[in-house]
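Per-entry structural report
Residue strings, one per chain:
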Amino acid sequence: MRAFEANFDGLVGPTHNYAGLSFGNVASMGNEAAPSNPKEAAKQGLQKMKALADLGLYQGVLAPQERPDVHTLRKLGFSGSDAEVLAQAARQAPKVLAAVSSASSMWTANAATVSPSADTADGRVHFTPANLVNKFHRSTEHPVTGRILQAMFTDERHFAHHPALPSVDHFGDEGAANHTRFAQQYGDAGVEFFVFGKYAFDSRQPAPQRFPARHTFEASQAVARLHGLNPAKVVYAQQNPAVIDAGVFHNDVIAVGNLNVSFYHQEAFLNTAEVNAQLRAAMGEGEFHFVEVPTAEVPVLDAVKSYLFNSQLIALPDGGMAIVVPEECRKTASVWAYLNKLVTLGTPIREVKVFNLTQSMSNGGGPACLRLRVVLNEAEQAAVNPAVWMNDGLFSRLNGWVDRHYRDRLVEADLADPQLLLESRTALDELTGILALGAVYPFQR
Ligand SMILES: NCCC[C@H](NC(=O)CCC(=O)O)C(=O)O
């Protein structure tokens, strides 16, 4: 049966803002307190989704979270009406209010780790929402993420859903941002490549000194076990701690892969030669393209600034691949020169597609952060909730929905506005109708 990759992009929520919440993510740290434009952010995301759907790719939409998350504020002791809860939090703990108001679920590469049915022991597609435990504002995403995924991939004959790993640093899990799957064809049994930042139970191993390693080896192993992966087809690699300290908070800021192409920076991993030998051995027969970008051509800081590697490698329906990059790549001289060379190197990557995603980029999220990849065969695709697939109708409905409900400017002080909570819930209530998700949000239950 034919199989292909579908991308599920996060729809940016109505509270998108810059609160400087992600220590170790240089864009988030650098844009703290800048005004945001949620309407523009959502529309930039929709443009990318529509463009990929128009190329003939399977493109879906993943709904945002209920924010501000008043329920979490109540767990922290704020009480009274919703408006009172917001007002107390704004007075006593403004950073906590910002954290429970973040639209960070837009970066769906962190929503979950997904293993295609060709890789799993029971022949189903497996999903494990990421606990995102390293950042408080993200650690509250997984319960609703899990519900939304179940509302999209409901049929138990095809889809298996696991709860997030235990929410503790030892099992810090950042999902698909640290996971890549290689295969000659999407429908083949693939090699699942798990990249982690540190070992939780062995302090003698190398680890970053300045910024946190969000994802552990032990978390990666647990997900591989839960998904029933064949150990001979799983490869683990540790990120180079020095690049985490330079702002590479997820591996997808310094490497990306698709089918038989691994595109990565020279400094991305510890023991690169060993890792590549393991990948090649696990893949078996056939060509494998290792496209290593040398520091001499693209310094790590330029990779972080431009998000060259936070790109999507997409298989084009008529053969070959395109690399989907953010506008910032064009503006970074070393990176733009490299990209122009890359398409002439004779690898499957033949074309560069540039998107304007500045609203998301200013919080450290590029094209790859915005999408969750799910490899599906035709029967599985037919079992997905049909309302979430991007097409002309959904594109115009969602643009109209954004126009009706989103603000074009938001600063931290606005997060306490009870009207924003109301606007956000009204929008999400309508959205669950558009995407046929049912009552996934706490305010609906
Ligand atoms: N994969 C990209 C994730 C980016 C995300 N940024 C944020 O949450 C920034 C939010 C803020 O600072 O307002 C993160 O660091 O996890």
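What you see is a predicted model; the values in this text were computed from it and never measured.

Rules used in this analysis
Residues numbered from 1 in each chain as written. Predicted model: local features only at pLDDT ≥ 70, side-chain atom pairs only at ≥ 80, totals over all residues. Heavy atoms only, no water. Helix = DSSP H or I, 4+ residues; strand = E, 2+ residues; numbered from the N terminus. Buried < 20%, exposed > 50% of the residue type's maximum accessible area, 1.4 Å probe, protein only. Polar contact = N/O pair within 3.5 Å; in protein donor to acceptor, adjacent residues only side chain to side chain. Contact = heavy atoms within 4.5 Å. Patch = residues over 30% accessible without salt bridge, like charges linked within 9 Å, V, L, I, M, F, W, Y side chains within 5 Å. Areas by Shrake-Rupley, 256 points an atom, 1.4 Å probe, with all protein chains shown as cover. Salt bridge = Lys/Arg side-chain N within 4 Å of Asp/Glu carboxyl O.

**A few points about unusual backbone geometry**
- With an omega of -10°, the peptide bond running from arginine 67 to proline 68 counts as cis.
- Within the element layout of this structure, proline 68 appears in the loop between β2 (58-62) and α3 (70-75).
- Residue asparagine 271 is not a glycine yet carries a positive backbone phi of 55°.
- Look at tyrosine 307: it is not a glycine, yet its phi comes out positive at around 60°.
- By the element assignment, tyrosine 307 lies in the loop between α11 (300-306) and β12 (312-315).
- Judged by relative accessible area, which is 4%, tyrosine 307 ranks as buried.

**Regarding the side chain of asparagine 377**
- For asparagine 377, the location among the structural elements is in strand β15 (residues 371-377).
- One polar contact links the side chain of asparagine 377 to the main-chain amide nitrogen of alanine 379, over a distance of 3.1 Å.
- If near-sequence neighbours (up to four positions away) are discounted, asparagine 377 is found in contact with Met1, Arg2, Ala3, Phe4 and Ser117.

**Looking at a nonpolar patch on the surface**
- Taken together, the side chains of Phe23, Val26 and Met29 define a hydrophobic patch exposed on the protein surface, amounting to about 250 Å² of accessible area.
- Structurally, phenylalanine 23 is set in the loop between β1 (3-10) and α1 (26-30).

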